[in-house]
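Chain residues, written in single-letter form:
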Amino acid sequence: MNPSSLFKAAVAGTGSYLPDKVLTNKDLENTLDTSDEWITTRTGIKERRIAADNESASTMAFEAGKKALSSARLEPEQVDMVIVCTSTPDVLFPSTACFVQKELGAVNSAAYDISAVCSGFVFGLSIAEQYLKTGRYDHILVIGSEANSRIVDWSDRSTCILFGDGAGAVLLKKTDQEEPVGILSSHIYSDGALTDLIVVPGGIGTTGVNKQDIDDNKYFIKMSGNATFKVAVKRMANVIQEALDFNEIKMEEVSLLLPHQANQRIVSAVAEKLNFPEEKIYMTIQKYGNTSAASIPIGIADAMEEGKIKPGDVSVLGVVGAGLTWGSAVIKW
Ligand code: COA
């Protein structure tokens with residue numbers, strides 16, 4: 001059972017931002033040796049959003065963050081910390097979060113980025129949970145934002161069809177309410193032995209940024225799809241089960257599973273392993289593809305807007321991402 005803490009970390013507001021530009025599978029048929037049928041049956045994706053030339057991880061994060069603040073009816077000056085979870089930062093440094101902080105006017109916050117790729121949002125949520133439960137801070141904005149379209153090789157049909165751009169945000173607040181509410185638990189893990197599964201090999205390394213690496217396409221996503229698929233199913237199912245056991249919650253008590261949106265078949269395989277009904281799983285992959293760290297907070301914001309999350313409901317988040325990283329969180333709304 002969850003050890004008792006001084007305070008609880010409750011969700012006070014949510015928001016998302018998706019770029020206007022839609023890229024459909026049919027559009028991709030014009031530039032790649034692929035088909036709508038292949039992409040739909042292998043992944044569940046029908047279309048994804050693509051950031052405009054004047055959009056980036058920080059601009060999308062700002063839009064999502066602004067909505068989360070407004071839905072929480074909170075002034076930007078009241079935010080103590082801005083955590084942006086992204087693998088597609090605007091620049092190497094300063095952090096994307098600092099650009100977001102400035103645009104929001106969150107002048108009293110500490111702002112920094114989390115790099116845990118697709119698992120970033122759950123890692124960020126877990127950090128925020130600790131600061132709020134100890135009473136150190138009152139309000140923390142956790143944002144997942146990705147401009148994935150800038151790091152996919154648009155000539156590589158095995159990866160480019162999967163990813164999309166967007167941002168999602170959650171505003172968490174400290175509360176001393178007695179009944180269980182907010183983040184009931186979070187579990188986060190990494191296994192650096194699996195760094196090769198999904199990787200953008202370009203970076204600083206030992207040589208610095210160099211033209212050869214650019215010519216060799218090293219600044220794009222490389223992925224071992226099959227191996228990733230198998231590991232993802234196992235780790236996500238296990239970490240979700242761990243979350244339920246930790247909270248002594250039965251599967252029937254969960255109103256909504258909010259999984260990372262990497263592949264419809266991964267989610268279905270996890271649901272089957274856990275014996276979890278598909279109708280209680282919230283999916284956005286068909287319209288947004290894999291938006292990496294943004295996928296879970298976008299799902300939360302969309303589910304909230306559609307009235308699929310009600311006060312008192314219990315949701316479970318589950319994710320696996322590059323690193324390898326993986327994790328889960330249980331939220332009581
Ligand atoms: N269109 C048509 N054919 C394609 C294709 C595309 N977009 N992409 C790959 N193919 C082909 C392959 O070249 C291969 O052809 P071959 O048999 O002639 O060699 C065939 O389809 C099967 O490829 P395979 O890689 O075995 O397909 P798959 O069923 O494993 O599906 C993924 C590929 C990428 C969709 C799947 O492995 C996956 O989703 N993996 C997990 C990815 C993931 O979750 N990443 C992020 C984690 S956060």
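**Considering the overall build of the protein chain**
Consideration 1: Counting secondary structure elements, the protein chain contains 11 helices and 13 strands.
Consideration 2: Dimensions of the protein chain, computed from C-alpha atoms along their principal axes, come out at roughly 55 × 45 × 35 Å.
Consideration 3: Burial status across the protein chain gives 55% buried among its 333 residues.
Consideration 4: For the protein chain, restricting intrachain contacts to residue pairs at least 6 apart in sequence, the fraction spanning at least 24 positions comes to 77%.

**Examining the packing of helix 3 (residues 57–71) against helix 4 (residues 96–104)**
The relative placement of two packed helices is expressed as an angle between their axes plus a distance between the axes.
Consideration 1: Remark: helix 3 packs on helix 4, axes separated minimally by 9 Å, with the N-to-C direction vectors making an angle of 50 degrees. In terms of orientation, helix 3 and helix 4 fall into the oblique class. Pair helix 3 / helix 4 crosses with right-handed handedness. Across the interface between the two elements, Ala-57, Ser-58, Ala-61, Phe-62, Gly-65, Lys-66 and Leu-69 of helix 3 pack against Thr-96, Phe-99, Val-100, Glu-103 and Leu-104 of helix 4.
Consideration 2: When its residues are assigned to classes, the contact of helix 3 with helix 4 shows seven nonpolar, three polar and two charged.

**Some points on the sheet that holds strand 13 (residues 325–332)**
Consideration 1: Within the open sheet, the four strands sit side by side as 8-13-12-11. Their pairing is mixed. Here the strands that pair on one side only, and so sit at the sheet edges, are strand 8 (182–190) and strand 11 (256–259). Going across the sheet, the axis of each strand differs from the next one's by a mean of 10 degrees, ignoring polarity.
Consideration 2: Pairing between strand 12 (residues 314–321) and strand 13: eight bridges, direction antiparallel.

**Digging into the site of the ligand**
Consideration 1: As a matter of local geometry, the ligand sits amid 23 residues, with Thr-34, Arg-42, Arg-157, Gly-225 and Asn-263 nearest to it.
Consideration 2: Between the ligand and the protein, one listed contact pairs an oxygen atom with a side-chain N or O atom of Arg-42 at 2.7 Å.
Consideration 3: Look at the ligand: alone it shows 960 Å² of surface, and the protein chains cover 73% of it.
Consideration 4: Contributions of two or more residues to the shell around the ligand are made by helix 2 (36–43), helix 6 (157–160), helix 8 (225–247), helix 9 (264–274) and strand 12.

**As for the domain arrangement of the protein chain**
By a widely used convention, the size of an interface equals the accessible area lost when the partners come together.
Consideration 1: What the domain assignment lists for the protein chain is domain 1 (8–175) and domain 2 (182–332).
Consideration 2: In this complex, domain 1 contributes 53 residues to the contact, which on the side of domain 2 involves 48 residues.
Consideration 3: Taken over both partners, the interface formed by domain 1 and domain 2 buries close to 3,700 Å², and the fraction arising from carbon and sulfur atoms is 66%.
Consideration 4: On the domain 1 side of the interface with domain 2, the three residues burying the most area are Cys-118, Val-122 and Phe-123, jointly 16% of the side's total.
Consideration 5: Run the count over domain 1 and domain 2 and you get zero salt bridges.
Consideration 6: Inspection of the domain 1/domain 2 interface yields 20 residue pairs in polar contact (both at pLDDT 80 or more).
Consideration 7: Among the elements of the structure, strand 1 (8–17), helix 2, strand 3 (47–50), helix 5 (120–133), strand 6 (139–147), helix 6 and strand 7 (165–175) are those that each provide at least two residues to the side of domain 1 that touches domain 2.
Consideration 8: Of the residues contributing to the side of domain 1 that touches domain 2, the split by class is 22 nonpolar, 19 polar and 12 charged.

**Concerning the sheet that holds strand 1**
Consideration 1: Strand order in the open sheet formed by five strands is 1-7-6-4-5, and the pairing between neighbours is mixed. Across the chains shown, the open sheet's two edge strands, defined by having one partner strand only, are strand 1 and strand 5 (110–114). Direction aside, the axes of adjacent strands within the sheet are offset by 20 degrees on average.
Consideration 2: Of the pairings in the sheet, the one linking strand 1 to strand 7 comprises nine bridges and is antiparallel in character. For Tyr-17, the partnering residue across the bridge sits in strand 7 and is Ala-167.

**Quick look at the environment of Ala-169**
Consideration 1: The residue Ala-169 is located in strand 7 in this model.
Consideration 2: We classify Ala-169 as buried; its relative accessible area is 0%.
Consideration 3: The sequence separation of Ala-169 and Leu-69 amounts to 100 residues, and the corresponding C-alpha distance is 9.0 Å.
Consideration 4: Here Ala-169 is in contact with Gly-13, Thr-14, Gly-15, Ala-64, Gly-65, Ala-68, Leu-141, Val-142, Ile-143 and Pro-297, once residues within four sequence places are set aside.

**Observations regarding helix 2**
Consideration 1: Among the residues of helix 2, Asp-36, Ile-39 and Thr-43 are the ones counted as buried. Across the axial projection of helix 2, the buried residues extend over an arc of 80 degrees, all falling on one side.
Consideration 2: Buried residues in helix 2 make contact with helix 1 (25–29), strand 3, helix 9 and helix 10 (285–288).
Consideration 3: Just downstream of helix 2 lies Gly-44, where phi reads positive at about 90 degrees.

Calculation notes
Residues numbered from 1 in each chain as written. Predicted model: local features only at pLDDT ≥ 70, side-chain atom pairs only at ≥ 80, totals over all residues. Heavy atoms only, no water. Helix = DSSP H or I, 4+ residues; strand = E, 2+ residues; numbered from the N terminus. Buried < 20%, exposed > 50% of the residue type's maximum accessible area, 1.4 Å probe, protein only. Contact = heavy atoms within 4.5 Å. Axes fitted to C-alpha atoms, helices over the stretch in contact; angles between N-to-C directions. Parallel < 35°, antiparallel > 145°, perpendicular 65-115°, else oblique. Left-handed = near helix turned anticlockwise from the far one by under 90°. Nonpolar A, V, L, I, M, F, W, Y, C, P; charged D, E, K, R; others polar. Pairing = 2+ DSSP bridges. Near = heavy atom within 4 Å. Polar contact = N/O pair within 3.5 Å; in protein donor to acceptor, adjacent residues only side chain to side chain. Areas by Shrake-Rupley, 256 points an atom, 1.4 Å probe, with all protein chains shown as cover. Domains from an automatic or database assignment. Buried area = accessible area lost by both parts, 1.4 Å probe. Salt bridge = Lys/Arg side-chain N within 4 Å of Asp/Glu carboxyl O. Arc of directions from axis to C-beta.

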